[in-house]
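# Inside the fold
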Amino acid sequence: MVQRVWALSLVTCKEGIRDRSLYGIFLFALFVLGLNVAVAGFFMRDLGKVTVDMNLAALSFAGLLLVFFIGINLMAKDIDKKTIHLVLSKPFSRGEYIWGKYFGLLLVVLFAQVIVLLFSCATVACVHAMYPGYFTSFSWPVFFIAAFFIYLQQALLCAIVVFFSSITSTSFITLIFSMASYIVGISLEEVVFYLRTQAATEEVVASATLHHTLEVVTWLVPNFAAFDFKIEAAHGLALEWSRLWTSCGYGVLYICILLVLASLIFKRREFN
Amino acid sequence: MMPQRGKGLWLVVVLLLPFYAYLHMGSWTQRAELRQAPTTSFLVPSQFSRVLACGYKGLLADFQFLRVLTFYGDRSANQQPLSTQDWDYFRDSIDVLTDLDPYFYDPYVLTEGLLTWDAGRFEDANTLLAKGARYRRNDWRLPYFIGFNNFFFLKDYAAGAEHIMAASRLPDSPSYLPTLAARLAYYGGKSQTAVLFLKQMLAENSDERLAKRLQLRLSALERAALIEAALQRFRHEKQRDVENVKELVTAGYVQQLPEDPYGGQWRILPNGRVFSTSKFVQGKKE
């Protein structure tokens, strides 16, 4: 079973890497990193913080573009072009197909993220060499931890893409649902905590229904803010192991549940 | 047929180009005029901008900071003074961007540099700096700025001393802060606070040179506090002020006047406080 999943993952990964859009994403990331070198001098003292902000933003945004535009295409192509009949005629279970596709997507994202991260490290090192006195709080380990959690965030997003691909029949609907999940997931925490503040209860007339609805949404949609360590990396702040483990476990468990559900749904699906 | 159609399309492009050039130049001229008079624009409150940042709060804070810098830079370059509304915008922008990234140090430096010296908004500056101090707990500069504002602008020596004392306890703070804080505390009428603070600093300090300076300042303040206590007893019992500090010796309230370790002469200030002509600074007599 592992061999079959691995074989499908490799095929998916090769297909993803062959996609020309990947070059566009690399160019975008390179542009942001180049911009970083040019813009860093505009700031007064926190040059290290600005550099890390821009680098991690480039890494994260390149990953988002990759998942939304290449990842969704990779998932939907088989169904859109009917090649899924050919794939499923091979000795593959539908569950293995879902897991294989997912790991293939992960490999594509990993490949792209590693390349952008290498450029990113070179940019940080370059700005560091240009302004050595302004990187007092910078820490490489925290920077790499933040980069790892950006990858985990992309992995979670890939699972969402796979889940919606198993339900819907067109890539456009998968794109809309995945983007909506990401936007809700990334802003959910801010909304929930804002509504809990004293100021919000005075300013906003939040009904009990709204609070209950939000409570349900927090259980359904992943809290992407739990994987956001960009501010900590920007200021080289110490990270607690408990926070890292909790975020990591939360992400991995959510991915597993989503993929199991996607396998179950995909098994019952009929293809025309 | 095809080459003729191609020629026709080229002709359309050539005809459109002058119109494009005209509108292009017009648009850039209009933008330049608009930018000559930069106005305060609407600021998205932090509770919304934190949501709208979509996980890029640090980057949005950087962008907002550049906007504030450009706004102030434009006004300075055109020698246009900032109005009350402009300073409100400046303060609110810093507030929003430090809500997005409260660890960002540059906005606090800008606040200390402009909101106090240029705008005279000391309370606003202190509120923003206090926010920074809550997050950057090991950064001595922010409590130091608050202490400086209290001492220099607001003339609140006691509050100034309190914040500079807090700053002096933080890592990498300069060695002159403890003695400065103690002097401010004494100015502010907090003699005992100053003495206790110096004793604590002496106990925690392992640097010999700093210890000497602290010890000197401590003995000066202890002696001044001793004279002040005698002065208070005199006032309480005689119901009048002393004519000069030596009257305390002749009246038997102190056996002899202690020497100022900085080499000055003891004086009684109009507000009743005891001070020295040395101003508790080495080598300064008058």
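Quick notes on the rules
- Residues numbered from 1 in each chain as written.
- Chains lettered and ligands numbered in written order.
- Predicted model: local features only at pLDDT ≥ 70, side-chain atom pairs only at ≥ 80, totals over all residues.
- Helix = DSSP H or I, 4+ residues; strand = E, 2+ residues; numbered from the N terminus.
- Rg over C-alpha atoms; globule rule 2.2 N^0.38 Å.
- Buried ≥ 20, exposed ≤ 12 C-beta atoms within 10 Å, placed from the backbone.
- Contact = placed C-beta atoms within 7 Å.
- Axes fitted to C-alpha atoms, helices over the stretch in contact; angles between N-to-C directions.
- Parallel < 35°, antiparallel > 145°, perpendicular 65-115°, else oblique.
- Left-handed = near helix turned anticlockwise from the far one by under 90°.
- Nonpolar A, V, L, I, M, F, W, Y, C, P; charged D, E, K, R; others polar.
- Expected span 1.5 Å × (residues − 1).
- pLDDT = per-residue confidence, 0-100.
- Core = buried A, V, L, I, M, F, W, Y, C linked by C-beta atoms within 7 Å.

This next bit is on the overall build of chain A. A tally of regular secondary structure across chain A gives eleven helices and zero strands. Mapped from its N terminus to its C terminus, chain A presents α and β elements in the order α-α-α-α-α-α-α-α-α-α-α. For 272 residues, the compact-globule formula gives about 19 Å, and the C-alpha radius of gyration of chain A, at 20 Å, lands near that figure.

What follows deals with the overall build of chain B. Scanning chain B from terminus to terminus reveals twelve helices and two strands. In chain B, the succession of α and β elements from N to C terminus is α-α-α-α-α-α-α-α-α-α-α-α-β-β. Out of the 286 residues in chain B, the part that is buried amounts to 33%. Put simply, 47% of the contacts in chain B that link residues at least 6 apart link residues at least 24 apart.

All names here are of chain B. Running from N to C, helix 4 (residues 84–100) and helix 5 (residues 106–116) point in directions that differ by 165°, and their axes come no closer than 10 Å. Put simply, helix 4 runs roughly antiparallel to helix 5. Considering the relative orientation of helix 4 and helix 5, their crossing is left-handed. Seen from helix 4, the contacting residues are Phe-90, Arg-91, Ile-94, Leu-97 and Thr-98; seen from helix 5, they are Pro-107, Leu-110, Thr-111 and Leu-115. Classifying every residue of the contact of helix 4 with helix 5 gives six nonpolar, two polar and one charged.

Before going further, it helps to examine helix 7 (residues 141–153) of chain B. Residue and element names in this part refer to chain B. Helix length check: helix 7, at 13 residues, gives a terminal C-alpha distance of 17 Å against a target of 18 Å (1.5 Å per residue), a fit within 8%. When you tally the buried positions in helix 7, you get eleven out of 13 residues, the bulk of the element. Within helix 7 the residues assigned to the buried category are Arg-141, Leu-142, Pro-143, Tyr-144, Phe-145, Ile-146, Gly-147, Phe-148, Asn-149, Asn-150 and Phe-151. Structurally, helix 7 contributes buried residues whose contacts are with helix 5, helix 6 (122–135), helix 8 (157–168) and helix 9 (177–187).

Let's shift gears to the interface of chain A and chain B. On the chain B side, the residues contacting the 23 residues of chain A number 17 residues. Listed by contribution, the elements that provide at least two residues to the side of chain A that touches chain B are helix 3 (47–80), helix 7 (171–196) and helix 10 (230–235) of chain A. Examining the composition of the side of chain A that touches chain B, we find that six residues originate from one element, helix 7 of chain A, more than from any other. Counted by class, the side of chain A that touches chain B contains 14 nonpolar, two polar and seven charged residues.

Bringing the confidence of the model for chain B into the picture now. Residue and element names in this part refer to chain B. Of the residues in chain B, 88% have a pLDDT of 70 or more, and the chain-wide mean is 82. For chain B, per-element mean pLDDT is lowest for helix 10 (residues 191–204), which scores 69, and highest for helix 6, which scores 94. Two summary scores accompany this predicted model of the complex, namely pTM at 0.77 and ipTM at 0.86.

Bringing the environment of Leu-253 of chain A into the picture now. All names here are of chain A. You can see Leu-253 is positioned in helix 11 (residues 241–268). Residue Leu-253 is classed as exposed on the basis of its 11 C-beta neighbours within 10 Å. The spatial distance from the C-alpha of Leu-253 to the C-alpha of Pro-132 is 41 Å, given a sequence separation of 121 residues.

Residue and element names in this part refer to chain A. Counting residues in each nonpolar core, the largest one holds 127 residues, and the members touching the most others are Ala-58, Cys-158, Ala-159 and Val-162. Per element, the largest residue contribution to this core is 19 residues, and it comes from helix 3. In contact with Ala-159, not counting residues within four places along its chain, are Tyr-102, Ile-255, Leu-258 and Leu-259.

With that out of the way, let us pick up the environment of Thr-111 of chain B. Residues and elements named next belong to chain B. Counting through the fold element by element, Thr-111 comes out in helix 5. Take Thr-111: there are 27 C-beta atoms within 10 Å of it, and that puts it in the buried class. Expressed as a C-alpha distance, the spacing of Thr-111 and Ser-93, which sit 18 residues apart in the sequence, is 11 Å. When sequence neighbours within four positions are dropped, the list of residues in contact with Thr-111 reads Ile-94, Ala-125, Leu-128 and Leu-129.

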